[in-house]
2 protein chains.
Amino acid sequence: MTTQAFGGILVPALTPFDARLNPDASRLLAHCNWLLAQGADGLAVFGTTSEASSLGIEERIDLLDYLIDNGIPSQQLMPGTGTCAVVDTARLTRHAVERGCRGVLMLPPFYYKAVDDDGLFASYAEVVARVGDGRLRIYLYHIPPVAQVGLSLALVGRLLTAFPSTIAGIKDSSGDWRNTEAILREYPELATFCGSETFLLETLRHGGAGSITATANINPAQIRELYGAWQSEGAQALQDGITAVRKAYAGYAAIPALKAVVAGRLEAPDWLRVRPPLVSLSQAEQATLLGELERAGFTLDPATPLRARA
Amino acid sequence: MTTQAFGGILVPALTPFDARLNPDASRLLAHCNWLLAQGADGLAVFGTTSEASSLGIEERIDLLDYLIDNGIPSQQLMPGTGTCAVVDTARLTRHAVERGCRGVLMLPPFYYKAVDDDGLFASYAEVVARVGDGRLRIYLYHIPPVAQVGLSLALVGRLLTAFPSTIAGIKDSSGDWRNTEAILREYPELATFCGSETFLLETLRHGGAGSITATANINPAQIRELYGAWQSEGAQALQDGITAVRKAYAGYAAIPALKAVVAGRLEAPDWLRVRPPLVSLSQAEQATLLGELERAGFTLDPATPLRARA
């Protein structure tokens, strides 16, 4: 059996919390449905932007079950499953495979710093062995600015050689285009996603698969439009437009800012909440941010709020 | 009810693994019993040195139960319970309190970097609220070289003011004596532990509570001897002796090196194993390390191997 690799625009869906700081599954479901209705090709739930590392292991399992049980197609799901412990990573990964997810996005273990490639290779190998399922498709997650522990170009190659049918792709959130370019050049068989839509056009021009990007939580249709039209004459103008939106919130902590935009569009202050250690934007900061986005040309039309698919 | 704070030498006990890389509970129990028999005042199981972040949440619960059910006094236990997610931290902490542990050692959430004190304060406050048990005693865990996310002097003060009967102490593994000295000066009511025995004498001279240190896995009696004799004439010589032992393994990755010493003394190669992403010392590296320790005056007498208390 072959599994088609992911391509296009995937969204690390934001996770809403209720007044007791527990995940609000029904609002998450509505957000996921809206993202798919806007044209998102997939949902990288439980990514960095989803505050996945702030969720408990059981919460992640329960939320994934809830989404799938309520109609989110598992073939459009790429849940994040990487934790500090191979045993918990294996547990989350096995569950995702059993629920039919087309792939998983996997951080390396990130507590110990300055570990070497042999140890990181062994971590992925141990998870593959513990899951022990030929359906498993891993998308490597390289995000050194947050995890601090990154995946070298050589390590990506070793993993691909050792597990050619399992290692399906990579998300490069290094913020360093030269690294993304090197991956695209060295490993054209991988589905390579840029971690920021500011690199989308360049990524696609170099044979990449698309982008898995936080901003798609608020701007999915416009980013998806560039994905569909990257070979057109207007591609650079589309790129400039989505880049301007990202720049407009770049001065804020990204996750609280994105939630503030969702809260603004839905007129739902509940969406402002983040789990500690993150801190929510105040309503004053939210108002300033929304003003900056509007000046950048971003539509915050209250007549077309975020809504679940009918 | 008042709970007496911990004092003395506590050991972040190494976690042995079996051939399938699962925790070996019986060998952990034997190691803990040996440490107590050698004079350790307490066991900070599931610390950094214990590879706690490489253990699953369920594994940590099961191992703690095993130790207590097999006779390790819960009043000598200070399990590490800090994870990236307040919900998992609260779960581990509640379990430790319910099992009668005298305190817990709590990392801040460490996935997101550059978070501010408000977010870290809210993280600890959320755990205290979720545990909701007056018996809870928290020892803050400041280890910025590994966690990257540290606890500022101001944050320690805020937590102490907000939760005066709950925040019982701190382990300072910054490696920066000036920071430890500032904590001792500003917060004399805290039980302050240095994270390296190289600062033990200075810590005690400034009113500190003792040390929670990795090296006590191999050198507990000698470190405990300094704790008992710090006001004696020979204290500096004792400090110099234990510092020399630490320097002898400082060129190696600490956790694999300490396990290699235990493996050498017990003639039990099983003890060499670490979980990925750490990498075990080879037998050749082990032999070199043991030679360096012997030259530093460390006794590796095979006639007095590590053993369980009778």
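It should be noted that the structure appears before, not after, this text.
Values in this document were obtained by computation on a predicted structure and should not be read as measured data.

Q: Please clarify how the overall build of chain A should be interpreted in this entry.
A: When helices and strands are counted, chain A shows 12 helices and seven strands. Over its C-alpha atoms chain A spans a radius of gyration of 18 Å, differing by no more than 12% from the 19 Å that the globule rule assigns to 310 residues. Viewed in the frame of its principal axes, chain A has a C-alpha envelope of about 50 × 50 × 40 Å. In chain A, which comprises 310 residues, the proportion classed as buried is 62%. Only carbon and sulfur atoms are counted for the fraction: they give 50% of the accessible area of chain A, which is about 11,200 Å².

Q: Which parts of the structure should I look at to understand the interface of chain B and chain A?
A: A common measure of how large an interface is: the accessible area buried when the components associate. Counting residues at the interface gives 45 residues for chain B, matched by 45 residues for chain A. For the chain B and chain A pair, buried surface summed over both sides reaches about 3,200 Å², with 63% attributable to carbon and sulfur atoms. Between chain B and chain A we count 14 residue pairs in polar contact (both at pLDDT 80 or more) in total. Put simply, the parts of the chain that give the side of chain B that touches chain A at least two residues each are α2 (57-69), α3 (86-98), α4 (117-131) and α5 (144-147) of chain B. Of the residues that constitute the side of chain B that touches chain A, the class distribution is 25 nonpolar, eight polar and 12 charged.

Q: Sorry if this is basic, but what is going on with helix α3 (residues 86-98) of chain A here?
A: Since one α-helical turn is 3.6 residues long, residues separated by three or four positions face the same way. Taking 1.5 Å of rise per residue, the 13 residues of α3(A) would be expected to cover 18 Å, and the 18 Å separating its terminal C-alpha atoms lies within 8% of that figure. A large share of α3(A) lies buried, amounting to 10 of its 13 residues. Looking only at α3(A), the buried set comprises Val86(A), Val87(A), Asp88(A), Thr89(A), Ala90(A), Leu92(A), Thr93(A), His95(A), Ala96(A) and Val97(A). Its buried side turned inward, α3(A) meets α2 (57-69), β3 (104-106) and α4 (117-131) of chain A together with α2 of chain B. Two residues or fewer past α3(A), Gly100(A) is found with a positive phi of approximately 85°.

Q: How should I be thinking about the sheet that holds strand β6 (residues 191-194) of chain A in this particular structure?
A: Two orientations exist for strands paired in a sheet by backbone hydrogen bonds: parallel and antiparallel. Residue and element names in this part refer to chain A. Taken together, seven strands build an open sheet; the order of strands is β2-β1-β7-β6-β5-β4-β3 and the sheet is parallel. The sheet terminates laterally at β2 (42-43) and β3, the two strands that pair on one side only. Bridge count for strand β1 (residues 8-11) against strand β7 (residues 210-212) is three bridges, and the pairing is parallel. Each bridged residue has a counterpart across the sheet, and for Gly 8 the counterpart in β7 is Gly 210.

Q: Any chance you could explain unusual backbone geometry here in plain terms?
A: Glycine aside, residues mostly have negative phi, and peptide bonds are mostly found in the trans state. Pro276(A) connects to Pro277(A) through a cis peptide bond whose omega is 20°. Within the secondary structure, Pro277(A) is located in the loop between α11 (254-266) and α12 (283-295). Of note, the phi angle at Leu21(A) is positive, near 65°, even though the residue is not glycine. The topology assignment puts Leu21(A) in the loop between β1 and α1 (25-37). Residue Leu21(A) is classed as buried on the basis of its relative accessible area, which comes to 15%. Here Gln148(B), not a glycine, exhibits a phi torsion of approximately 70°, which is positive. Along the polypeptide, Gln148(B) turns up in the loop between α5 and α6 (153-162).

Q: Before we go on, may I ask you to explain the packing of helix α11 (residues 254-266) of chain B against helix α12 (residues 283-295) of chain B in this structure?
A: Think of two packed helices as two axes; the pair is described by the angle between the axes and how far apart they sit. All names here are of chain B. Where α11 meets α12, the closest approach of the two axes is 10 Å, and the angle between their N-to-C directions is 85°. Our classification of the angle between α11 and α12 gives roughly perpendicular. Contact residues: α11 offers Ala 257, Ala 260, Val 261, Ala 263 and Gly 264, while α12 offers Gln 286, Leu 289, Leu 290 and Leu 293. For the contact of α11 with α12, the residue count by class is seven nonpolar, two polar and no charged.

Q: Help me understand the relation of the copies chain B and chain A in this model?
A: What relates the two chain copies is a rotation about an axis together with a slide along it. For the pair chain B and chain A, the superposition axis carries a translation of 0.0 Å, the fit reaches an RMSD of 0.0 Å, and the rotation angle comes to 180°. Within this description, the copies of the chain are treated as partners about a two-fold rotation axis. Taken as a fraction of all interface residues of chain B, those also at the interface in chain A reach 100%, which identifies the copy contact as same-surface.

Q: Would you explain the packing of aromatic side chains in this entry?
A: How two aromatic rings sit relative to each other is set out by the distance from centre to centre and by the angle between their planes. A complete count under the given rule lists 13 aromatic pairs over all chains for this structure. Taken together, a centroid distance of 5.8 Å and an interplanar angle of 65° make the contact between Phe6(B) and Tyr139(B) edge-to-face. With Phe6(B) in the segment before β1 (8-11) and Tyr139(B) in strand β4 (residues 138-142), the pair connects residues that are 133 residues apart, well separated along the chain. Across this residue pair, the class does not change: Phe6(B) and Tyr139(B) are buried. Here the basic side chain of Arg158(A) rests over the ring of Phe121(A), its NZ or CZ set 4.6 Å away from the ring centre.

Q: Mind showing me how you'd approach the environment of Val279(B) here?
A: Within the secondary structure, Val279(B) is located in the loop between α11 and α12. Between the C-alpha atoms of Val279(B) and Ile212(B), which are 67 residues apart in sequence, the distance is 24 Å.

Q: It is not clear to me how the sheet that holds strand β3 (residues 104-106) of chain B should be interpreted in this structure. Could you clarify?
A: All names here are of chain B. Taking strand neighbours across the sheet as the criterion, the seven strands line up as β2-β1-β7-β6-β5-β4-β3 in an open arrangement whose pairing is parallel. Both edges of this open sheet fall to β2 (42-43) and β3, since each of them pairs with a single strand only. With two bridges joining them, β1 and β2 adopt parallel strand pairing. Within β2, the position partnered with Leu 10 by the bridge is Gly 42.

Q: What is the right way to read the state of the cysteines from this model?
A: Note on terminology: a disulfide is the covalent bond linking the sulfur atoms of two cysteines. Counted under the stated rule, the structure contains zero disulfides over all chains. Not part of a disulfide, Cys84(A) finds its nearest cysteine sulfur in Cys84(B), a span of 4.8 Å.

Q: Sorry, what's going on with α2(A) here?
A: End to end, α2(A) covers 18 Å across 13 residues, agreeing with the expected 18 Å (1.5 Å per residue, within 8%). Regarding α2(A), the residues found buried are Ile57(A), Glu59(A), Arg60(A), Ile61(A), Leu63(A), Leu64(A), Asp65(A), Leu67(A) and Ile68(A). Those residues of α2(A) that are buried are in contact with α1 and α3 of chain A together with α2 and α3 of chain B. Of the residues one or two after α2(A), Gly71(A) is the one with positive phi, at around 100°.

Procedures and definitions
- Residues numbered from 1 in each chain as written.
- Chains lettered and ligands numbered in written order.
- Predicted model: local features only at pLDDT ≥ 70, side-chain atom pairs only at ≥ 80, totals over all residues.
- Heavy atoms only, no water.
- Helix = DSSP H or I, 4+ residues; strand = E, 2+ residues; numbered from the N terminus.
- Rg over C-alpha atoms; globule rule 2.2 N^0.38 Å.
- Buried < 20%, exposed > 50% of the residue type's maximum accessible area, 1.4 Å probe, protein only.
- Areas by Shrake-Rupley, 256 points an atom, 1.4 Å probe, with all protein chains shown as cover.
- Contact = heavy atoms within 4.5 Å.
- Buried area = accessible area lost by both parts, 1.4 Å probe.
- Polar contact = N/O pair within 3.5 Å; in protein donor to acceptor, adjacent residues only side chain to side chain.
- Nonpolar A, V, L, I, M, F, W, Y, C, P; charged D, E, K, R; others polar.
- Expected span 1.5 Å × (residues − 1).
- Pairing = 2+ DSSP bridges.
- Axes fitted to C-alpha atoms, helices over the stretch in contact; angles between N-to-C directions.
- Parallel < 35°, antiparallel > 145°, perpendicular 65-115°, else oblique.
- Least-squares fit on C-alpha atoms with pLDDT ≥ 70 in both.
- Phe/Tyr/Trp six-rings, centres within 6.5 Å; stacked < 30°, edge-to-face > 60°.
- Lys NZ or Arg CZ within 6 Å of the ring centre and 35° of its normal.
- Disulfide = S-S within 2.5 Å.

Don't take any of this as a statement about function, it's just geometry.
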